[in-house]
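Secondary and tertiary structure notes
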Amino acid sequence: MNNTFYNENNRSGLKRADFQTTINGKATDLFILTNESGTEAAITNYGGALLAVMVPDKNGQYANVVQGHDCIENVINSQEPFLSTLVGRYGNRIAHGKFLLNGTEYALTINNGPNSLHGGPTGFHARVWDAEQTSRQSLHLHYLSADGEEGFPGNLDVTVVYTLTDQNELIITYTATTDKTTLVNLTHHAFFSLAGLADPTPRVDNNIVTINADFFTPVNEVAIPTGEIAKVEGTPMDFRTPHTVGSRIDDNYEQLQLGRGYDHCYVLNKREAGTLSFAAKCVEPNSGRSLEVYTTEPGVQIYTANWHNGFEGAHGATFPARSAICFEAQHFPDTPNKGHFPSCVLKPGDTYHQITIYKFGVEA
């Protein structure tokens, strides 16, 4: 493990010693990425969890805009196990934890009502990744997911690279190969709080959101897509023009009531599948901080932390319901059971590839 770039006097106030332990013979650690303007991203190789992103507001004041914890024990035991972590092998839900692949039915661990969620309870978020910080601005993570892990077929060899550019972009690049036909749907579950973490962290009601999507995937009462690709037009799901999160989140609209708010996959407008294009934008007007999301993925799950309960995070910050917004770039939920959704199948000899960019800025 290479970690020669750590700076004890980092903006996040996180300490390397607080993230060093050994789990099943593998060492965990804290890694700090920094760019020339002073922006920082703090990451642990336990689950690839993003612990902090330190960016300035319109007055030049830095704050952490990602919900996380300040020691490895709290990351491992978090009330929200996917708090700003990598997610795999399959981000989002698979109905009843079952799917057919090449005529064989596979059964996954059930961990969300009747469904499998985010790769199961010991998915990629709960694994120690091999880590090498190759420069002040780049961290390489690697994990070999064994055949049969959480019920998925094939040995899946995964590499994830975090790069913090001088343009305040956090670029996440994913690649994966397999020795047996399998499913792959990777994402990052960053919980963004652009106002900055606090006690309590402010709700995201005032966040102004734009989503580059004419359609979304409606869900049933257990958050599994019905299979319909529905128009956002004329509904509270329509963010094609900027709207605040809170302006319609409590509308008398079944899709919002089912999940206590937004928790839906948007079908991104793409001229060509797999191209890197604009997905969404979020602006927090009080601080002026902005976030733009670009991805090669066909969808982005918007989640407004509806099930947060005020639990404690880094440096005494607390995270109430709706105190964050997630932009999880991914394929659609329950894809293996919806033949008309873009496929998540990965075959031997092929390479899974995804790029997602979170670009931070300031608007006056």
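Check the entry above for the structure.
This report concerns the structure included in the present document.

Conventions we followed
Residues numbered from 1 in each chain as written. Predicted model: local features only at pLDDT ≥ 70, side-chain atom pairs only at ≥ 80, totals over all residues. Heavy atoms only, no water. Helix = DSSP H or I, 4+ residues; strand = E, 2+ residues; numbered from the N terminus. Rg over C-alpha atoms; globule rule 2.2 N^0.38 Å. Contact = heavy atoms within 4.5 Å. Areas by Shrake-Rupley, 256 points an atom, 1.4 Å probe, with all protein chains shown as cover. Lys, Arg positive; Asp, Glu negative; His and termini not counted. Charge placed at Lys NZ, Arg CZ, Asp CG, Glu CD. Phe/Tyr/Trp six-rings, centres within 6.5 Å; stacked < 30°, edge-to-face > 60°. Buried < 20%, exposed > 50% of the residue type's maximum accessible area, 1.4 Å probe, protein only. Lys NZ or Arg CZ within 6 Å of the ring centre and 35° of its normal. 1 Å grid on protein atoms, 1.4 Å probe; cavity = no way out; pocket = protein on both sides within 12 Å on 5 of 7 lines; lining within 4 Å. Points joined across faces, edges and corners; volume = space filled by probe spheres on them. Nonpolar A, V, L, I, M, F, W, Y, C, P; charged D, E, K, R; others polar. Pairing = 2+ DSSP bridges. Axes fitted to C-alpha atoms, helices over the stretch in contact; angles between N-to-C directions. Salt bridge = Lys/Arg side-chain N within 4 Å of Asp/Glu carboxyl O. Core = buried A, V, L, I, M, F, W, Y, C linked by side-chain atoms within 4.5 Å.

1. Topic: the overall build of the protein chain
Broken down by element type, the protein chain carries 2 helices and 30 strands. Its C-alpha atoms give the protein chain a radius of gyration of 19 Å, near enough to 21 Å, the size a compact globule of 364 residues would have. Taking the principal axes of the C-alpha coordinates as reference, the protein chain spans close to 55 × 50 × 35 Å. Intrachain contacts of the protein chain at a sequence separation of at least 6 include 68% that bridge at least 24 residues. Of the accessible surface of the protein chain, which amounts to about 13,800 Å², a share of 47% is contributed by carbon and sulfur atoms. Taking the 24 positively charged and 39 negatively charged side chains of the protein chain as two groups, their mean positions are separated by 3 Å.

2. Here's the deal with the packing of aromatic side chains
The description of an aromatic ring pair rests on the distance of the ring centres and on the angle between the ring planes. Under the definition given, this model contains 13 aromatic pairs. A ring pair is formed by Phe-278 and Tyr-294, whose centres lie 5.8 Å apart and whose planes are at 65 degrees; its orientation type is edge-to-face. Remark: Tyr-294 occurs in strand E24 (residues 289-295) and Phe-278 occurs in strand E23 (residues 277-283); sequence separation between them is 16 residues. Here Phe-278 falls in the partly exposed class, since its relative accessible area comes to 27%. Residue Tyr-294 is classed as partly exposed on the basis of its relative accessible area, which comes to 24%. An aromatic cluster is built from Phe-99, Tyr-106 and Phe-152, whose rings are joined through pairwise contacts. Seen from the ring of Tyr-62, Arg-11 lies directly overhead, with NZ or CZ sitting 3.6 Å from the centre. Over the aromatic face of Phe-239 sits the side chain of Arg-248, whose NZ or CZ is 5.0 Å from the ring centroid.

3. What about empty space enclosed by the protein?
In total, this model carries 1 cavity of 30 Å³ or more according to the counting rule given. Put simply, the largest cavity is a space of about 40 Å³. With 3 residues, strand E22 (residues 263-268) is the largest single contributor of residues to the lining of the largest cavity. When its residues are assigned to classes, the lining of the largest cavity shows 4 nonpolar, 4 polar and 2 charged.

4. Topic: the sheet that holds strand E4 (residues 40-44)
Ordered by their spatial adjacency, 4 strands build an open sheet running E3-E4-E5-E6, and the pairing between neighbours is antiparallel. The sheet is open, and its two borders are formed by strand E3 (30-34) and strand E6 (62-64), each paired with just one other strand. Each strand of the sheet is rotated relative to its neighbour by a mean of 15 degrees, with strand direction disregarded.

5. Notes on the side chain of Glu-169
In this fold, Glu-169 is placed in strand E15 (residues 169-178). Buried and unpaired, Glu-169 has Lys-359 as its nearest opposite-charge partner, separated by 4.5 Å. Look past the residues within four positions of Glu-169 in its chain and what remains in contact with it is Thr-163, Leu-164, Ile-357, Tyr-358 and Lys-359.

6. Topic: the nonpolar core
With 58 residues, the main nonpolar core has Tyr-162, Ile-211, Tyr-262, Tyr-266, Phe-327 and Phe-360 as its most contacted residues. The leading source of residues in this core is strand E14 (residues 156-164), at 5 residues. Not counting residues up to four positions away in its chain, the partners in contact with Tyr-266 are Ile-211, Ala-213, Phe-215, Phe-216, Val-232, Met-237, Phe-239, Pro-298, Gly-299, Val-300, Ile-302 and Phe-332. Counting residues in each nonpolar core, the second largest holds 14 residues, with Ile-32, Tyr-46, Leu-51 and Met-54 among its members.

7. Overview of the pairing of E23
Counting buried positions over the 7 residues of E23 gives 5, a clear majority of the element. Across 4 bridges, strand E18 (residues 208-211) lies against E23 in antiparallel orientation. Opposite Ile-211, over in E23, you have Ala-280 as the bridge partner. Of the pairings in the sheet, the one linking E23 to E24 comprises 6 bridges and is antiparallel in character. Looking at the pairing, Val-283 lines up with Ser-290 of E24.

8. Side note on the environment of Val-345
Here Val-345 shows up in strand E29 (residues 345-346). Measuring from C-alpha to C-alpha, the distance between Val-345 and Pro-320 comes to 37 Å, with 25 residues separating the pair along the chain.

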